[in-house]
Amino acid sequence: QLVESGGGLVQAGGSLRLSCAASGRTFDSYVMGWFRQAPGKEREFVATISRGGINTYYADSVKGRFTISRDNAKNMVSLQMNSLKPEDTAVYYCAARRRGSYYDSGSTYDYWGQGTQVTVSS
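Cut-offs and rules
The residue count restarts for each chain, going from 1 along the sequence in the order it is written. Two thresholds apply to this predicted model, a pLDDT of at least 70 for residue-level local features and 80 or more for giving and counting side-chain atom pairs, whereas whole-chain, interface and lining totals are computed over all residues. Heavy atoms throughout the structure, all of them, feed into the side-chain values; hydrogens and water do not. Where helices and strands are cited, they refer to DSSP runs of H or I of at least four residues and of E of at least two residues respectively, numbered from the N terminus. Classification of residues uses two cut-offs on accessible area relative to the type maximum, computed with a 1.4 Å probe and protein chains only: under 20% is buried, over 50% is exposed, and between them is partly exposed. Contacts were defined at the residue level, with two residues in contact if any of their heavy atoms lie within 4.5 Å. Here, Shrake-Rupley sampling with a 1.4 Å probe gives the accessible areas, and only protein chains in the shown set may cover a residue. We score Asp and Glu as negative and Lys and Arg as positive, and we do not count His or the chain ends. Think of each charge as sitting on NZ of Lys, CZ of Arg, CG of Asp or CD of Glu. Any two cysteine sulfur atoms lying within 2.5 Å of each other are counted as a disulfide. Following DSSP output, two strands are said to pair if at least two bridges run between them. Geometry is summarised by axes, namely lines fitted to C-alpha atoms with helices restricted to the contacting stretch, and by angles between N-to-C directions that run from 0 to 180 degrees.

Moving on: the overall build of the protein chain. A count of helices and strands for the protein chain gives zero helices and eleven strands. Listing each helix as α and each strand as β along the protein chain from the N terminus yields β-β-β-β-β-β-β-β-β-β-β. Once the C-alpha set of the protein chain is aligned to its principal axes, its extents read approximately 40 × 25 × 25 Å. Sorting the 122 residues of the protein chain into buried and exposed places 42% on the buried side. A separation of at least 24 residues holds for 60% of the contacts in the protein chain among residues at least 6 apart in sequence. A total of about 6400 Å² of accessible surface is found on the protein chain, and carbon and sulfur atoms cover 46% of it. Here the protein chain contributes 14 positive and 10 negative side-chain charges, whose respective centroids are spaced 4 Å apart.

Quick look at the structure:
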């Protein structure tokens, strides 16, 4: 089970930190990812992180502004979002995948969270 938190309303240029808590004892076996879906749009890739937390991969639209990290001891993955823009407004989802590489922007994941709303006002 994945449970996101940390969403909210923020002004453009502001920051938010999303967290995702995972249950289970094999968290470090999973590649973790963040995706988002804006109203009327398809879900899109945001970032992934490797099982050990060493390697990360970002969508071009968030590179340099967002940072994904994980704490395997706490079964947590986070997404630090800085310099937010109105176009970042979306429901953000964390996801877990047992197989495959972190270097993959595809959305084939084993588990998904329920999502947390992020709204950036202009």
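Here the narrative resumes, following the displayed structure.
Turning to the state of the cysteines, a few remarks are in order. Here the structure, examined in full by the defined rule, presents one disulfide. In this model C20 forms its disulfide with C94; the gap between the sulfur atoms is 1.9 Å. For the disulfide bridge between C20 and C94, the dihedral angle about the S-S bond is near 40 degrees, and by the sign convention the bridge is right-handed. You can see C20 sitting in strand β3 (residues 16–22) and its partner C94 sitting in strand β9 (residues 90–97), a full 74 residues away along the chain. Using a relative accessible area of 0% as the deciding quantity, one classes C20 as buried. Classification of C94 by relative accessible area gives buried; the value is 0%.

A word on the sheet that holds β3. Read across the sheet, four strands follow the order β1-β3-β8-β7 without closing on themselves; strand pairing throughout is antiparallel. Taken across any chain shown, the strands that pair with only one partner, and hence form the sheet edges, are β1 (2–5) and β7 (66–71). The sheet shows a mean angle of 15 degrees between the axes of neighbouring strands, taken without regard to direction. Note: β3 against strand β8 (residues 76–81), six bridges, orientation antiparallel. Residue pairing for β8: S19 is matched across the bridge by S78.

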